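# Architecture at a glance
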Amino acid sequence: MKRLLLPSALLFALSSTAQWSTDPAAPLAVCIAPNDQTSLRALPDGNGGWYAFWIDKRTSIEIGEIYGQHLDEDGHALWTANGKLLISVPDTSIKELAPVLLDNGNVLINYIYGPSVFRFSLHAMAFDPDGNAVWSGSTALDEAGTTMLR
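To start, this report covers the structure provided alongside it. It should be emphasised that the depicted structure is a prediction, and the values quoted were computed from it without experimental measurement. (Residues numbered from 1 in each chain as written. Predicted model: local features only at pLDDT ≥ 70, side-chain atom pairs only at ≥ 80, totals over all residues. Heavy atoms only, no water.)

## A short note on the overall build of the protein
To be explicit about the condition: Secondary structure elements follow DSSP: runs of H or I of four or more residues count as helices, runs of E of two or more count as strands, with numbering from the N terminus. Only protein chains enter the accessibility calculation, which uses a 1.4 Å probe. A residue is then buried if its area is under 20% of the maximum for its type, exposed if over 50%, and partly exposed in between. The contact criterion used throughout is that any non-hydrogen atoms of two residues lie within 4.5 Å. Only the protein chains shown count as cover for residues, with accessible areas throughout obtained via the Shrake-Rupley method and a probe of 1.4 Å.
In terms of regular secondary structure, the protein is built from one helix and eight strands. Listing every helix and strand of the protein by position from the N terminus yields α-β-β-β-β-β-β-β-β. The buried share of the protein, reckoned over its 150 residues, is 34%. Restricting the contact set of the protein to residue pairs at least 6 apart, pairs at least 24 apart contribute 37%. Put simply, the protein shows about 9,300 Å² of open surface, and 58% of that area lies on carbon and sulfur atoms.

Below you can see the structure in the form of structure tokens.
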């Protein structure tokens, strides 16, 4: 049985393809903005497409902001090219993010920001499928904790 496992796995890997473009000359680039884009988080939108969220330092190499992109089932971007700015905290870098798709189709983004892992704020903000804020401002879940929630 173990002898069949590796060949079967290789056969599956060789026959699988990506959901979108398999052409190396025309790859799907969600964001090609300057500086760093890190901490990519993707989740299905419930309609065959995907949301992608990441921490982006295109504005300042020192300050991370949250950008996002909504892709339809064919891989076409539904928001602004290179992503839409969703969350920015003045003079502070966002350290972590955790998006969640809600039952009503909106997305809740939980995020941590602050000067260090010993002084931080945990907030949440909701967005509709078009990337528009649902609430007038973010909701604070924890402020100035002594350890980072994970």
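Alright, that's what it looks like, and here's the rest.
## Some points on the nonpolar core
So the rule is basically this: Grouping buried Ala, Val, Leu, Ile, Met, Phe, Trp, Tyr and Cys residues that are joined through side-chain atoms within 4.5 Å yields what is termed a nonpolar core.
In terms of nonpolar packing, the biggest core is built from 17 residues, with Phe53, Ile66, Leu86, Ile87, Ile94, Ile109 and Tyr111 touching the most fellow members. Elements represented by at least two residues in this core include exactly β2 (50-60), β4 (84-87), β5 (94-101), β6 (107-116) and β7 (119-127). It is β6 that provides the largest number of residues to this core, a total of four residues. For tyrosine 111, the contacting residues outside a window of four places in its chain are Ile66, Ile87, Val89, Ile94, Glu96, Leu97, Ser121, Leu122, His123, Ala124, Met125 and Ser138.

## Observations concerning the sheet that holds β2
Our working rule: Strands qualify as paired when DSSP identifies two bridges or more between them. Structural elements are reduced to axes, namely lines fitted to C-alpha atoms, with helices fitted over the stretch in contact, and the angle between N-to-C directions of any two is expressed from 0 to 180 degrees.
With antiparallel pairing, the four strands of this open sheet are ordered in space as β1-β2-β3-β4. The open sheet terminates on both sides in strands that have one partner only, identified here as β1 (37-44) and β4. Direction aside, neighbouring strands of the sheet carry axes that sit 35° apart on average. As paired strands, β1 and β2 are joined by six bridges and run antiparallel to one another. The residue of β2 that forms the bridge with alanine 42 is alanine 52.

The quantities given are spatial measurements derived from coordinates; they are silent on function.
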